[in-house]
Amino acid sequence: MSKALPPSVVFVVDDDHAFRDSLALMLRLKGFVTDTSASGEEFLAKYKPGTIGCLLVDMQMGGMSGLDLQKALAERGSTLPVIVITAYGDVATARAALKAGAVDFLEKPLDEQALERIVAAAVEKSVSAEAQARETADVAARFERLTDRERQVFDLIVAGRHNREIAATLGISPRTVEVYKSKIMEKMRVTRLPELIRLAVAIPALGKPASS
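Being a predicted model, the structure only gives us computed values, none of them experimental.

1. As for the environment of G77
- Looking at where G77 falls in the secondary structure, it is placed in the loop between α3 (66-75) and β4 (82-86).
- A residue is classified by how much of its surface remains accessible, and G77, at 54% relative accessible area, is exposed.

Printed below as a string of structure tokens:
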């Protein structure tokens with residue numbers, strides 16, 4: 001069974017001390033857990049892969065800009081949703097932020113209701129993505145436990161072959177196919193065939209349909 005997801009955190013990165021602290025306080029009052037950094041460099045120094053939540057980052061900062069931080073996170077394979085904040089809300093800046101992967105763009109002064117809605121949606125997106133990633137990794141680990149023969153049977157099951165067809169393809173008896181199928185379902189932790197098919201459809205990398 002996968003471990004429980006860690007708490008989600010809203011990271012606030014802004015070199016304006018007063019604005020950074022007031023924004024973090026506003027978010028905490030709305031029920032979010034926050035973490036603040038005075039620069040992109042400071043944030044990256046403590047960033048850990050698999051972090052859940054979202055990042056609120058000022059576009060214009062001394063040193064690393066908001067766009068620079070977005071790019072640095074992308075290079076690390078981060079999927080943490082980024083919301084860019086700026087006092088210079090021109091269309092070109094907004095376009096650059098969104099093109100770089102930001103999920104939204106907010107102008108100072110911030111609208112509290114819009115901020116809460118956007119942050120909540122970003123956090124939910126992050127939680128869902130991490131939960132899916134963990135489920136995928138867990139299912140893939142189960143698949144790795146299958147023997148080569150069980151994987152052959154698995155592929156043929158996913159391809160929609162019946163027991164007799166599988167038996168003829170692999171040169172074994174239908175009864176032996178049933179034994180393999182039982183072992184596969186036990187290792188994949190499913191009790192019904194539709195559940196096994198669902199896993200294969202949801203995670204195509206588990207295998208490809210075998211040819212006859």
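2. A word on the pattern of salt bridges
- The full count for this structure, using the stated rule, is 10 salt bridges.
- Two residues, E116 and K30, come together in a salt bridge whose shortest N-O distance is 3.6 Å. With E116 in helix α5 (residues 112-144) and K30 in the loop between α1 (17-29) and β2 (34-37), the pair connects residues that are 86 residues apart, well separated along the chain.
- For K108, the salt bridge goes to D58, with nearest N and O atoms at 3.6 Å. Residue K108 is located in the loop between β5 (104-107) and α5, and its partner D58 is located in strand β3 (residues 53-58); the two are separated by 50 residues in the primary sequence.
- The exposure class assigned to K108 is partly exposed, which follows from its relative accessible area of 24%.

3. Side note on the nonpolar core
- One finds F43, L55, V57, L69, L73 and V84 to be the most contacted residues of the largest nonpolar core, which totals 22 residues.
- Going through the elements one at a time, β1 (9-13), α2 (40-46), β3, α3, β4 and α4 (91-99) are the ones with two or more residues in this core.
- In terms of residues, this core owes the most to one element, α3, which gives four residues.
- Residues within four places of L55 in sequence aside, it is in contact with F11, V13, F43, L69, L73, L80, P81, V82 and I83.
- Counting 19 residues, the second-largest nonpolar core is a separate cluster that includes V153, L156, A167 and I203.

4. Re helix α9 (residues 193-202)
- Residues L196, L199 and A200 constitute the buried set of α9. Buried residues in α9, looked at end-on, bunch into an arc of 95°, giving them a common side.

5. Brief notes about the environment of A141
- Inspection of the secondary structure puts A141 in helix α5.
- Judged by relative accessible area, A141 falls into the partly exposed class, the value being 42%.
- As for A141 and M188, which are separated by 47 residues in sequence, their C-alpha atoms are 9.1 Å apart.

6. A few points about the packing of aromatic side chains
- Within the structure shown, the criterion is met by three aromatic pairs.
- Taking the centre distance of 5.3 Å and the plane angle of 70° together, the rings of F11 and F43 count as edge-to-face. Placement of the pair is F11 in strand β1 and F43 in helix α2, with a sequence separation of 32 residues.
- Assessed through its relative accessible area of 1%, F43 is described here as buried.
- Ring geometry for F43 versus Y47: centroids 5.8 Å apart, planes at 40°, classification tilted. Here the two residues F43 and Y47 agree in accessibility, since each one is buried.
- Each residue in the set F11, F43 and Y47 is aromatic and connected to the rest through ring pairs, giving one cluster.
- Across the ring face of F19, the terminal group of K108 is positioned such that the distance to the ring centre comes to 4.3 Å.

7. A word on unusual backbone geometry
- Here K108 and P109 are connected by a cis peptide whose omega angle stands at -5°.
- For R189, which is not a glycine, the phi torsion comes out positive at approximately 60°.
- Following the sequence through the fold, R189 ends up in the loop between α8 (174-187) and α9.

8. Observations concerning the packing of helix α6 (residues 148-158) against α8
- Interhelical geometry of α6 versus α8 gives an angle of 90° and a closest axis separation of 10 Å. With respect to α8, the element α6 is oriented roughly perpendicular. Of the residues in α8, those in contact with R149, E150, V153, F154 and I157 of α6 are Y180, K181, K183, I184 and K187.
- Across the contact of α6 with α8, the residue classes tally to five nonpolar, no polar and five charged.

Quick notes on the rules
- Residues numbered from 1 in each chain as written.
- Predicted model: local features only at pLDDT ≥ 70, side-chain atom pairs only at ≥ 80, totals over all residues.
- Heavy atoms only, no water.
- Helix = DSSP H or I, 4+ residues; strand = E, 2+ residues; numbered from the N terminus.
- Buried < 20%, exposed > 50% of the residue type's maximum accessible area, 1.4 Å probe, protein only.
- Salt bridge = Lys/Arg side-chain N within 4 Å of Asp/Glu carboxyl O.
- Core = buried A, V, L, I, M, F, W, Y, C linked by side-chain atoms within 4.5 Å.
- Contact = heavy atoms within 4.5 Å.
- Arc of directions from axis to C-beta.
- Phe/Tyr/Trp six-rings, centres within 6.5 Å; stacked < 30°, edge-to-face > 60°.
- Lys NZ or Arg CZ within 6 Å of the ring centre and 35° of its normal.
- Axes fitted to C-alpha atoms, helices over the stretch in contact; angles between N-to-C directions.
- Parallel < 35°, antiparallel > 145°, perpendicular 65-115°, else oblique.
- Nonpolar A, V, L, I, M, F, W, Y, C, P; charged D, E, K, R; others polar.

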